[in-house]
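Remarks on the overall topology
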Amino acid sequence: RTLAAFENQEYPFEELVDQLEIRRDTGRNPLFDFMFALQNIEGLTDGDNAVTENDSGSSYEDRIAKFDLTLVASEIGDKLTYSFQYCTRLFTKETVQKFARYYRNIVLDILDNPGKPIADARMLEPAERKQILVDFNSLDEEYPYETTIHGLFERQAEKTPDRPALVDNGISL
């Protein structure tokens, strides 16, 4: 597949987009929203597991995100550094920092276990994993199996009479 891709690397981008008949939006890339660039990685060895987060802002000269999210990872000395550039209309700084932690966890897990499939890599911290799998799924209240769906709807409507009970195609009841 890689050799076939190299054979077609000179294929004109605009011709590809035209052939795919993708609806164009001048404010967006027609094929992808996320870009990952890995640079100078050949010197990183299996024994290294130093990964740092570059929180100093984008290393790009311009401050306009070309894609929704760009991750640039590069080897500097014996460390893997990375930086994010993102569209501030789509992501908050806190969300991107969370993405950075996830990326760092995946890289460290793969470095510690080189034969591990990436699909099995640990992304979440143990506390966050517990929160998602256990805490968010904990039901403090028993489901009233004897009540019908419309009965539950009526009960909620009685609790909050000034709030919309149903919204559909801009119509609120």
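Residues numbered from 1 in each chain as written. Predicted model: local features only at pLDDT ≥ 70, side-chain atom pairs only at ≥ 80, totals over all residues. Heavy atoms only, no water.

**Some words on the packing of aromatic side chains**
- Considering all chains together, one arrives at 5 aromatic pairs under this definition.
- Consider the rings of Phe36 and Tyr103, whose centres lie 6.3 Å apart with planes at 55°: the pair is tilted. Taken together, the positions of Phe36 in strand β1 (residues 34–39) and Tyr103 in helix α3 (residues 93–112) put the pair 67 residues apart, joining distant regions of the chain.
- The class for Phe36 is partly exposed, based on a relative accessible area of 40%.
- Pairing Tyr82 with Phe84 gives two aromatic rings, centres 6.0 Å apart and planes at 85°, and the pair type is edge-to-face. (Phe/Tyr/Trp six-rings, centres within 6.5 Å; stacked < 30°, edge-to-face > 60°. Helix = DSSP H or I, 4+ residues; strand = E, 2+ residues; numbered from the N terminus. Buried < 20%, exposed > 50% of the residue type's maximum accessible area, 1.4 Å probe, protein only.)

**Remarks on the nonpolar core**
- Counting 12 residues, the largest nonpolar core is built from Leu69, Leu71, Ala73, Leu80, Tyr82, Phe84, Phe91, Val96, Ala100, Tyr103, Val107 and Leu111.
- Put simply, the parts of the chain that give this core at least two residues each are β3 (69–76), β4 (79–86) and α3.
- Tallying contributions element by element places α3 first for this core, with 5 residues.
- Excluding residues that lie within four positions of it along the chain, Phe84 makes contacts with Leu69, Thr70, Leu71, Val96, Phe99 and Ala100. (Core = buried A, V, L, I, M, F, W, Y, C linked by side-chain atoms within 4.5 Å. Contact = heavy atoms within 4.5 Å.)

**Quick look at the pairing of β4**
- Of all 8 residues in β4, 6 are buried, a share of seventy percent or more.
- Here β3 runs beside β4; their pairing, made up of 8 bridges, is antiparallel. Each residue of the ladder has a partner; that of Thr70, found in β4, is Gln85.
- The hairpin formed by β3 and β4 contains 2 residues between the paired strands, and Gly77 there has a positive phi angle of roughly 65°. (Pairing = 2+ DSSP bridges.)

**What about the pattern of salt bridges?**
- This structure, assessed with the given rule, holds 3 salt bridges.
- Between Glu14 and Arg24 there is a salt bridge, with its nearest N and O atoms 3.1 Å apart. Highlighted residues: Glu14 in helix α2 (residues 13–20) and Arg24 in the loop between α2 and β1, separated in sequence by 10 residues.
- For Glu14, a relative accessible area of 44% gives the class partly exposed.
- Across the pair Asp135 and Lys130 runs a salt bridge whose closest N-O atoms are separated by 2.9 Å.
- Overall, the relative accessible area of 38% leaves Asp135 in the partly exposed class.
- Lys130 gets classed as partly exposed once you look at its relative accessible area, which sits at 45%. (Salt bridge = Lys/Arg side-chain N within 4 Å of Asp/Glu carboxyl O.)

**Overview of the confidence of the model for the protein**
- In the predicted model, the protein carries a mean pLDDT of 82, and the fraction of residues at 70 or more is 87%.
- Across the protein, α3 holds the top mean pLDDT of 93, while strand β2 (residues 51–53) sits lowest at 52.
- Per-residue pLDDT stays below 50 along residues 55–61; that stretch engages in 10 contacts with residues further than four places along the chain or on separate chains. (pLDDT = per-residue confidence, 0-100.)

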